[in-house]
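Chain by chain, the residues run as shown.
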Amino acid sequence: MTQRIRFRFCCLIRGLAFPRLLLFGVSCPSVVCCLLLPDLEGSAHLLLLSRNKSKHELGYCETEAKLALSLDFWTLSSENLLAVLPVDPVKENYVRKVKNCIFSIAVPTPLKSRVRLVAVSKEVLEDILDLDLSVSETDDFIQLVSGEKIVSGSIPLAHRYGGHQFGIWAGQLGDGRAHLLGTYMNRQGEKWELQLKGSGKTPYSRNGDGRAVLRSSVREFLCSEAMHSLRIPTSRVASLVVSDNEVWRDQFYNGNIVKERGAIVLRVAKSWFRIGSLEILAHYGELDLLRTLLDFIIREHFPSVEVAEPNRYVDFFSVVVSETAQLIALWMSVGFAHGVCNTDNFSLLSITIDYGPFGFMEAYNPDFVPNTSDDEGRYKIGNQANIGIFNLNKLLQALNPILDPRQRQLAAQILEGYPVLYYTRFRELFKAKLGLLGETKGDDDLIAFLLHLMEKTAADFTMTFRQLSEITQSQLQELNIPQQFWALNMISKHKLFSAWVSQYLLRLKSNMNDSDSERRKRMTTVNPRYVLRNWMAESAVRKAERNDFSEVHLLQRVLRHPFQKHSAAEKAGYSSPTPSWAKDLKVSCSS
């Protein structure tokens with residue numbers, strides 16, 4: 001139905017055929033306090049904190065509010081969800097098929113051994129949750145983020161959803177090891193949903209144990225914060241706790257089961273609803289509930305869509321199509337491959353969620369696949385934009401039962417516009433990466449030519465663009481590439497590199513009111529020096545497994561400012577070629 005985006009189509013550059021572009025008003029609300037239902041089954045206990053008061057009652061407006069120094073007046077609310085969206089009437093926590101609801105009530109199961117808080121995000125605590133960093137040192141906080149106790153106002157929930165996994169309908173999936181603690185409204189009036197991951201079994205655990213391991217939790221903590229600093233929409237992680245609980249995992253799905261340590265992360269996002277949230281309702285014919293959920297999502301998260309508008313579902317779909325195209329183009333601009341782009345991992349708010357076997361491409365390769373279980377390369381980096389179309393088509397199929405014939409036609413036309421939306425944004429991003437201003441007919445060819453040279457020489461994706469941001473035009477013109485620009489030295493070995501340089505320098509001359517220093521300054525703000533390479537994450541994990549979290553903290557500091565040179569990062573080799581010990585590293589699949 002929709003046209004397939006071609007990632008390698010040919011164009012003529014000086015008579016030769018090359019691969020084309022890799023298309024590759026503030027109020028002061030009080031939070032309603034709800035007590036944990038007394039008859040819920042589970043091991044977590046209610047953390048009896050003082051009832052939250054309105055900031056008017058406390059004597060100041062939220063724009064002037066100070067960060068909380070304890071959890072005494074800090075609460076969550078599940079009311080906004082439970083007032084509208086139905087909950088599974090079965091309260092017992094056992095694996096089962098669930099129907100006619102959005103959530104099941106499920107209480108976290110605390111880790112049995114002593115837990116240790118090993119990392120927190122100061123930005124998330126202070127800017128999102130209004131908590132002073134010192135709060136993270138309290139027992140109340142550690143009990144909260146480890147699932148041991150529940151704050152006042154929280155009714156822990158597990159979300160029911162389905163999804164297409166590797167292109168095949170997988171039926172009921174859901175939060176099998178995650179607990180939605182509730183919603184927090186901060187002093188800016190923003191609502192954020194807090195979710196524990198690795199916090200025990202739920203009705204959706206299927207054959208799982210409800211746990212997450214240290215390895216995958218470190219990777220998610222670091223990558224979600226790194227993506228935020230790269231200006232890519234993403235869920236965030238507030239904290240990481242580890243334990244000595246034994247968790248058994250087959251890391252590479254090869255039959256080799258190993259013992260690992262259990263861990264829990266506290267994740268935050270504006271919403272955790274995904275394409276699969278709607279798919280399961282349409283699949284089972286729960287159409288009234290589908291409308292209810294859609295109206296809730298539109299009202300809460302899509303201000304540009306009028307909830308009383310008869311075409312609101314088409315308008316909603318149009319926004320999701322556009323923002324999904326934008327998100328995937330952003331992924332491509334930093335060489336990020338999600339690894340498991342199933343519909344149950346695709347956010348309806350078009351943010352990056354569910355970090356699993358992800359990877360940042362090192363040597364430029366459109367066939368880069370970080371997930372070792374993806375034997376057919378379905379989710380290779382060069383196919384992510386096409387997977388976006390597939391997933392959006394599944395979203396449209398879920399919407400079709402509640403659309404009239406004309407609305408279905410309009411929605412199909414919207415989906416057909418996805419390739420242009422994606423390509424337009426992709427082109428804008430890569431022009432910025434090369435410091436190009438204005439519009440010139442040959443810009444696509446210039447980008448495609450460079451990517452071709454990078455592919456043929458296996459040049460490093462991140463550092464090629466970064467070093468182009470740092471080298472002067474005179475050095476390029478003379479092909480006088482300093483030794484420290486190792487990625488450019490690699491690509492310069494190609495016989496056509498000088499031809500590309502000539503075209504590039506000629507194009508830079510057409511930049512109006514620009515200088516070489518301004519170009520370099522501009523490019524260093526969009527081309528990161530540091531990304532979370534697999535070997536960097538693996539090095540941090542290996543140390544963490546020995547209770548040494550120094551590299552986790554170093555990476556956290558470095559990746560918070562990925563565009564700035566960092567002396568400790570340079571000493572650690574984070575902008576150097578991949579070390580020999582890491583050449584054949586694989587990204588583990590299980591988490």
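Residues numbered from 1 in each chain as written. Predicted model: local features only at pLDDT ≥ 70, side-chain atom pairs only at ≥ 80, totals over all residues. Heavy atoms only, no water.

Chemist: Explain the overall build of the protein chain to me, using residue names and the numbers behind them.
Modeler: Secondary structure assignment for the protein chain yields 19 helices and 16 strands. Of all 591 residues assigned to the protein chain, the portion counted as buried reaches 59%. (Helix = DSSP H or I, 4+ residues; strand = E, 2+ residues; numbered from the N terminus. Buried < 20%, exposed > 50% of the residue type's maximum accessible area, 1.4 Å probe, protein only.)

Chemist: Can you explain the pattern of salt bridges? Please cite residues and give values.
Modeler: Scanning the model with the defined rule gives 35 salt bridges in all. Here arginine 160 makes a salt bridge to glutamate 286, at a shortest N to O gap of 2.9 Å. With a gap of 126 residues between them, arginine 160 in the loop between strand E7 (157–159) and strand E8 (162–165) and glutamate 286 in the loop between helix H5 (275–283) and helix H6 (287–301) connect regions that are remote in the sequence. Note on accessibility: arginine 160 and glutamate 286 belong to one class, buried. Among the ionic pairs, glutamate 220 bridges to arginine 267, the shortest N-O distance being 2.8 Å. Of the two residues, glutamate 220 sits in helix H4 (residues 214–229) while arginine 267 sits in strand E14 (residues 257–269), which places them 47 residues apart along the sequence. Here the two residues glutamate 220 and arginine 267 agree in accessibility, since each one is buried. In the salt-bridge network here, residues are joined through shared partners; they are Arg427, Lys431, Glu439, Asp443, Asp444 and Arg507. (Salt bridge = Lys/Arg side-chain N within 4 Å of Asp/Glu carboxyl O.)

Chemist: An account of the environment of glutamine 143 is needed here, citing residue identities and associated values.
Modeler: Mapped onto the elements of the fold, glutamine 143 is located in helix H3 (residues 139–145). In this structure glutamine 143 comes out as buried when scored by relative accessible area, which is 16%. Placed 28 residues apart in sequence, glutamine 143 and valine 115 show a C-alpha to C-alpha distance of 9.0 Å.

Chemist: Break down unusual backbone geometry for me, citing the residues and quoting the values.
Modeler: Phi is positive for arginine 206, close to 50°, though the residue is something other than glycine. On the secondary structure map, arginine 206 appears in the loop between strand E11 (191–197) and strand E12 (212–213). You will see that asparagine 513, though not glycine, has its phi angle at about 50°, which is positive. Tracing the sequence through the fold places asparagine 513 in the loop between helix H15 (497–508) and helix H16 (516–523). In this structure asparagine 513 comes out as exposed when scored by relative accessible area, which is 81%.

Chemist: Mind laying out the confidence of the model for the protein chain, listing which residues take part and the relevant values?
Modeler: For the protein chain, the average pLDDT comes to 89, and 88% of its residues sit at 70 or higher. The low-confidence segment residues 1–43, where pLDDT is below 50, has 139 contacts with residues more than four positions distant or belonging to other chains. (pLDDT = per-residue confidence, 0-100. Contact = heavy atoms within 4.5 Å.)

Chemist: Before we move on, can you summarise the packing of helix H17 (residues 534–544) against helix H18 (residues 550–560) with the specific residues and values?
Modeler: Interaxial distance between H17 and H18 falls to 7 Å at its minimum, and their mutual angle equals 145°. Here H17 contributes Met536, Ser539, Ala540 and Lys543 to the contact with H18, which in turn contributes Glu551, Val552 and Leu555. (Axes fitted to C-alpha atoms, helices over the stretch in contact; angles between N-to-C directions.)

Chemist: Please give an account of helix H11 (residues 443–457) that cites residues and values.
Modeler: Here H11 spans 22 Å end to end across 15 residues, near enough to the 21 Å set by a 1.5 Å rise per residue. Of all 15 residues making up H11, 12 are buried, and the element is well covered by its neighbours. Looking only at H11, the buried set comprises Asp443, Asp444, Leu446, Ile447, Ala448, Phe449, Leu450, Leu451, His452, Leu453, Met454 and Thr457. Phi turns positive, to about 55°, at alanine 458, one or two residues after H11. (Expected span 1.5 Å × (residues − 1).)

Chemist: Break down the side chain of serine 224 for me, citing the residues and quoting the values.
Modeler: Mapped onto the elements of the fold, serine 224 is located in helix H4. Classification of serine 224 as buried rests on a relative accessible area of 0%. Among the polar contacts made by the side chain of serine 224, one reaches the main-chain carbonyl oxygen of phenylalanine 221 at a distance of 3.4 Å. Those residues in contact with serine 224, other than ones at most four positions away along the chain, are Thr234, Ser235, Arg236, Val237 and Tyr355. (Polar contact = N/O pair within 3.5 Å; in protein donor to acceptor, adjacent residues only side chain to side chain.)

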